[in-house]
Amino acid sequence: MITASWIPLVPSVLIENGEVEQFLVEDHDVAVWRSSQGHVQIWQNRCPHRSVRLSLGHVQGESLVCAYHGWQFAAEDGHCQRIPAQPEQRAPKTLCATAYAVKETDGMIWYGGQVAPQQTWIMNTQAQVYAGSVTVSATLPQVQDYLMELGLSELGEQSSGLVWRGYASDAGLRIYLTPTQSSVVTVHAMLVQHERASTRHALLNQMRQYLEQEQLSHV
Ligand code: FES
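What counts, and at which threshold
- All residue numbers here refer to positions counted from 1 along the written sequence of the relevant chain.
- This being a predicted model, a pLDDT of at least 70 is required before a residue's local features are given, and a value of 80 or more before pairs of side-chain atoms are given or counted; all residues contribute to the totals for chains, interfaces and linings.
- Derived side-chain values reflect all non-hydrogen atoms in the structure, with water molecules and hydrogen atoms excluded from consideration.
- Put simply, DSSP H or I for four residues or longer makes a helix, DSSP E for two residues or longer makes a strand, and each gets a number counted from the N terminus.
- Summary of the burial criterion: residues with accessible area below 20% of their type's maximum are buried, those above 50% are exposed, and those between are partly exposed, where the area comes from a 1.4 Å probe applied to protein chains only.
- In this analysis, two residues are considered to be in contact whenever any of their non-hydrogen atoms come within 4.5 Å of each other.
- Note on areas: Shrake-Rupley with a 1.4 Å probe; residue coverage comes only from the protein chains shown.
- The pairing criterion is simple: DSSP has to find at least two bridges between the two strands.
- All axes here are fitted lines through C-alpha atoms, helices being fitted over the stretch that makes contact, and every angle between N-to-C directions spans 0 to 180 degrees.
- Salt bridges, as used here, are contacts in which a Lys or Arg side-chain nitrogen is within 4 Å of a carboxyl oxygen on Asp or Glu.
- By nonpolar core we mean a set of buried residues, namely Ala, Val, Leu, Ile, Met, Phe, Trp, Tyr and Cys, connected to one another through side-chain atoms within 4.5 Å.
- An automatic or database domain assignment is the source of the domain bounds shown.
- Geometry of aromatic contacts follows a simple scheme: Phe, Tyr and Trp rings, the Trp one being its six-membered ring, pair when their centres are within 6.5 Å, and the pair is stacked under 30 degrees between planes, edge-to-face over 60, tilted otherwise.
- Whether a charge sits over a ring comes down to the Lys NZ or Arg CZ being within 6 Å of the ring centre and within 35 degrees of the ring normal.

Along the backbone of the chain there are two helices and 16 strands. Split into buried and exposed, the 219 residues of the chain put 49% on the buried side. Summarising the internal contacts of the chain: among those between residues at least 6 apart in sequence, 52% fall at separations of at least 24. Carbon and sulfur atoms form 46% of the exposed surface of the chain, whose accessible area is close to 11,000 Å².

With that out of the way, let us pick up the sheet that holds strand β5 (residues 58–60). Strand order in the open sheet made by the four strands is β5-β6-β7-β8, with antiparallel pairing throughout. Among the strands making up the open sheet, the edge pair consists of β5 and β8 (80–82). Averaged over all pairs of adjacent strands, the angle between strand axes in this sheet comes to 40 degrees, irrespective of strand direction. Where β5 and strand β6 (residues 63–65) come together, three bridges link them in antiparallel fashion. Among the inter-strand pairings, Q60 is bridged to a residue of β6, identified as S63.

What follows concerns the pattern of salt bridges. All told, the structure shown has two salt bridges when counted by the stated rule. In this structure, the salt-bridge partner of R53 is D29, at a minimum N-O distance of 3.0 Å. Here R53 is found in the loop between β4 (40–44) and β5, whereas its partner D29 is found in strand β3 (residues 28–34), with 24 residues between them in sequence. A residue is classified by how much of its surface remains accessible, and R53, at 40% relative accessible area, is partly exposed. Judged by its relative accessible area of 18%, D29 falls in the buried class. Taking the shortest distance from any N to any O, the salt bridge between R34 and E104 comes out at 2.6 Å. Of this pair, R34 sits in strand β3 while E104 sits in strand β10 (residues 102–105), and the two are 70 residues apart along the sequence. Classification of R34 by relative accessible area gives buried; the value is 7%.

Membership of the largest hydrophobic core comes to 29 residues, with the highest contact counts inside it found for V32, I175 and L177. Put simply, the parts of the chain that give this core at least two residues each are β1 (2–11), β3, β4, β11 (108–113), β12 (128–137), α1 (140–149), β15 (171–181) and β16 (184–192). When residues of this core are assigned to domains, at least three map to each of domain 1 (7–111) and domain 2 (128–214). Among all residues touching L177, those that are not within four sequence positions of it are P8, L140, V143, Q144, L147, G161, L162, W164, V185, T186 and V187. Counting 17 residues, the second largest nonpolar core, distinct from the first, contains W71, C80, L95 and A97.

Moving on, we get to the packing of aromatic side chains. Applying the stated criterion to the full structure yields three aromatic pairs. Between W33 and W43, the aromatic rings sit 5.1 Å apart at their centres with planes inclined by 80 degrees, giving edge-to-face as the arrangement. One end of the pair, W33, is in strand β3; the other, W43, is in strand β4, and ten residues separate them in sequence. Taken individually, W33 and W43 each receive the classification buried, so the pair is uniform in this respect. The ring of W110 carries the charged tip of K103 above its face, separated from the ring centre by 5.8 Å.

Right, dumping it as structure tokens:
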């Protein structure tokens, strides 16, 4: 799958070292995992052996181990390092999990598809604190329209309409949008670091109410 722009997929704090989770991005099933040393990976959520979801497996050091037959795939390029049933044999070099372009910045993990998008924009230099996420049944343009009504604006043309900035209750706000399915969007909220936790929760509730008022139902 080739995407024209980096897509914010999940807040960094939700994937700790040694964790693997399943996510959808543009109807595509992916496994997001972080190695023991903290390197984050986004892979097609499908084992090259028998297509079992890799998100059911577990992290072992710098590799991901499939839950079914225990094949072990290395971080970075996804090549198979070990087949437990054939411990003496080397797996062919072509035997790989499908790894996607990934980067981690601004407190988010970004998905880039099979070929890293040639896209640059000025990233936020302020420290941000993750405030929460809301998943709504709505198209991306519907959510973008509503953010505009709230007085938020796109971070820049290069953000592809997936990063928004503004203020809510006088607090600096960054919104990251993940198009998970054709009519489902996950909205991630970040606040500048000096905001207190109580303020953060109030802001997220406020946003949730706004979205509900628009009759966008939660999924
Ligand atoms: S299905 Fe993954 S190792 Fe067999």
